[in-house]
Amino acid sequence: MIKQVEKETQKKMEQVIDQVKNDFDQIRTGRAKPSLVEGITASYYGVKTPINQMAKVSAPEPRQLLIQPWDDNVLEDIEKAIMKSDLDLHPNNDGEVIRINIPKLTEEKRKEYVSLANDKAEEHRIAIRNLRREANDELEKLEANGDISEDNYHRGLDNIQGLTDEYIAKVDELLEKKEEEILEI
């Protein structure tokens, strides 16, 4: 039963790590990456659709994104969605594709993005600690019902704490890499 609680907690913590990676991919750096526009949705015949499902998004150059819609009728919708996003990008529509030149980040913007990354990391650390609390509550219930012994209860708490430390370290590691990426000139 303890192993089941641990396995379930680890699975949930892994999902938090996936979310951290996804959130960090949305934070702009000085380089062009197709994942930069993943979170942006545009109207596709009245339905909000992610850009990467409406077009091929590539980075042909280190500082340029190229968006090639499969349907030319949505070019303007994609362009408007990018301009409305909080990424501060300025798309160029030539009638066939959209080119986005990624400007170099100013020192002020770099600090702003590092701060944003820190905020996101802290949100996910809190999520991991909440998962620890849920698992500990579950173990406590198992012990109170007599399903596990007190020794096993304490062993389970230690194992859950070990998982928590491991996954918080992963968040910190991802944050460190993202900060390096943002601050890279």
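Structure's up top.
Summary of the structure given here. Once a new chain begins, its residue numbering starts again from 1 and follows that chain's sequence as written. In keeping with the model being predicted, local features are shown solely for residues with a pLDDT of at least 70 and side-chain atom pairs are shown and tallied solely at 80 or more, while totals for entire chains, interfaces and linings include all residues. Each side-chain value is derived from all of the structure's non-hydrogen atoms; neither hydrogens nor water enter the calculation.

1. What to know about the packing of aromatic side chains
For step 1, the next point in the chain: Think of it this way: a Phe, Tyr or Trp ring, Trp meaning its six-membered ring, pairs with another when their centres are within 6.5 Å, and the plane angle makes it stacked under 30 degrees, edge-to-face over 60, tilted otherwise. For the coordinates displayed, the defined rule picks out 1 aromatic pair.
For step 2, the next point in the chain: Their ring planes at 65 degrees and their centres at 5.1 Å tell us that Tyr44 and Tyr45 sit as a pair that is edge-to-face.

2. Structural notes on the sheet that holds strand E4 (residues 64-69)
For step 1, the next point in the chain: Two strands form a pair only when DSSP identifies at least two bridges running between them. Helix and strand assignments come from DSSP, with helices taken as H or I runs of at least 4 residues and strands as E runs of at least 2, each series counted from the N terminus. Here we have 4 strands laid out as an open sheet, ordered E3-E4-E6-E5, and antiparallel in their pairing. Because the sheet does not close on itself, it has two edges, and the strands there are strand E3 (55-61) and strand E5 (91-93). Across the sheet, the mean angle from the axis of one strand to that of its neighbour is 25 degrees, orientation sign disregarded.
For step 2, the next point in the chain: Note: E5 against strand E6 (residues 98-101), 3 bridges, orientation antiparallel. Each bridged residue has a counterpart across the sheet, and for Asn93 the counterpart in E6 is Ile98.
For step 3, the next point in the chain: Contacts between residues were defined by any pair of non-hydrogen atoms, one from each residue, lying within 4.5 Å. Convention adopted: a line fitted to C-alpha atoms gives each axis, helices being fitted over their contacting stretch, and angles between N-to-C directions are expressed from 0 to 180 degrees. Set on the sheet, helix H2 (residues 75-84) makes contact with E3, E4, E5 and E6; between it and E5 the angle comes to about 165 degrees.

3. A word on the pairing of E4
For step 1, the next point in the chain: The buried label applies to any residue whose accessible area, calculated with a 1.4 Å probe on protein chains only, is under 20% of its type's maximum; exposed applies above 50%, and partly exposed to all values in between. In terms of burial, E4 is largely enclosed, as 5 of its 6 residues are buried.
For step 2, the next point in the chain: Summarising the sheet, E3 and E4 pair through 5 bridges and their orientation is antiparallel. The residue bridging Ser58 from the neighbouring strand is Leu66, located in E4.
For step 3, the next point in the chain: Turn length for the E3-E4 hairpin, with the two strands adjacent in sequence and antiparallel, is 2 residues.
For step 4, the next point in the chain: Where E4 lies against E6, 4 bridges are found, and the strand directions are antiparallel. Each residue of the ladder has a partner; that of Leu66, found in E6, is Arg99.

4. What about the nonpolar core?
For step 1, the next point in the chain: If you look at the biggest cluster of nonpolar residues, it comprises 28 residues, and the most contacted ones within it are Phe24, Ile128 and Leu139.
For step 2, the next point in the chain: Going through the elements one at a time, helix H1 (2-25), helix H3 (107-144) and helix H4 (150-183) are the ones with two or more residues in this core.
For step 3, the next point in the chain: Ignoring any residue separated from it by four or fewer positions in sequence, one finds Ile128 in contact with Met13, Val16, Thr164, Tyr167, Ile168 and Val171.
For step 4, the next point in the chain: The criterion is simple. A nonpolar core is a set of buried Ala, Val, Leu, Ile, Met, Phe, Trp, Tyr and Cys residues joined through side-chain atoms within 4.5 Å. Within the second largest apolar cluster, 21 residues are counted, among which are Leu36, Ile40, Ile67 and Ile82.

5. Concerning the side chain of Glu6
For step 1, the next point in the chain: Relative to the helices and strands, Glu6 is located in helix H1.
For step 2, the next point in the chain: Its relative accessible area of 10% is what places Glu6 among the buried residues.
For step 3, the next point in the chain: What qualifies as a polar contact is a pair of N or O atoms within 3.5 Å, subject to a donor-acceptor requirement within protein and to the restriction that residues adjacent in sequence count only when both atoms come from side chains. In this structure the side chain of Glu6 is engaged in a polar contact, spanning 2.8 Å, whose partner is the side chain of Asn159.
For step 4, the next point in the chain: When near neighbours in sequence (up to four residues on either side) are disregarded, Glu6 contacts Gly156, Asn159, Ile160 and Leu163.

6. Overview of H3
For step 1, the next point in the chain: Take the number of residues in a helix, subtract one, and multiply by 1.5 Å to get its expected span. Under the 1.5 Å per step criterion, the end-to-end length of H3 is 55 Å for 38 residues, consistent within 8% with the ideal 56 Å.
For step 2, the next point in the chain: Those residues of H3 that fall on the buried side of the exposure criterion are Arg110, Tyr113, Val114, Ala117, Ala121, His124, Arg125, Ile128, Leu131, Ala135, Leu139 and Leu142.
For step 3, the next point in the chain: Packed against the buried residues of H3 are H1 and H4.
For step 4, the next point in the chain: Phi turns positive one or two residues past the end of H3, at Gly146, with a value near 80 degrees.

7. Some details on the pattern of salt bridges
For step 1, the next point in the chain: Any carboxyl oxygen of Asp or Glu within 4 Å of a side-chain nitrogen of Lys or Arg constitutes a salt bridge here. Using the criterion set out here, one finds 10 salt bridges in the structure.
For step 2, the next point in the chain: In this structure, Glu173 and Lys177 form a salt bridge, with 3.7 Å as the shortest nitrogen-oxygen distance. Here the residue Glu173 and the residue Lys177 both occupy positions in helix H4, the gap between them amounting to 4 residues, near one helical turn.
For step 3, the next point in the chain: Beyond isolated ion pairs, a larger network of salt bridges with shared partners links Glu122, Arg125, Arg129 and Asp172.

8. Points about H4
For step 1, the next point in the chain: Across its 34 residues, H4 extends 49 Å between first and last C-alpha, which sits within 8% of the 50 Å expected from 1.5 Å per residue.
For step 2, the next point in the chain: On its buried face, H4 sits against H1 and H3.

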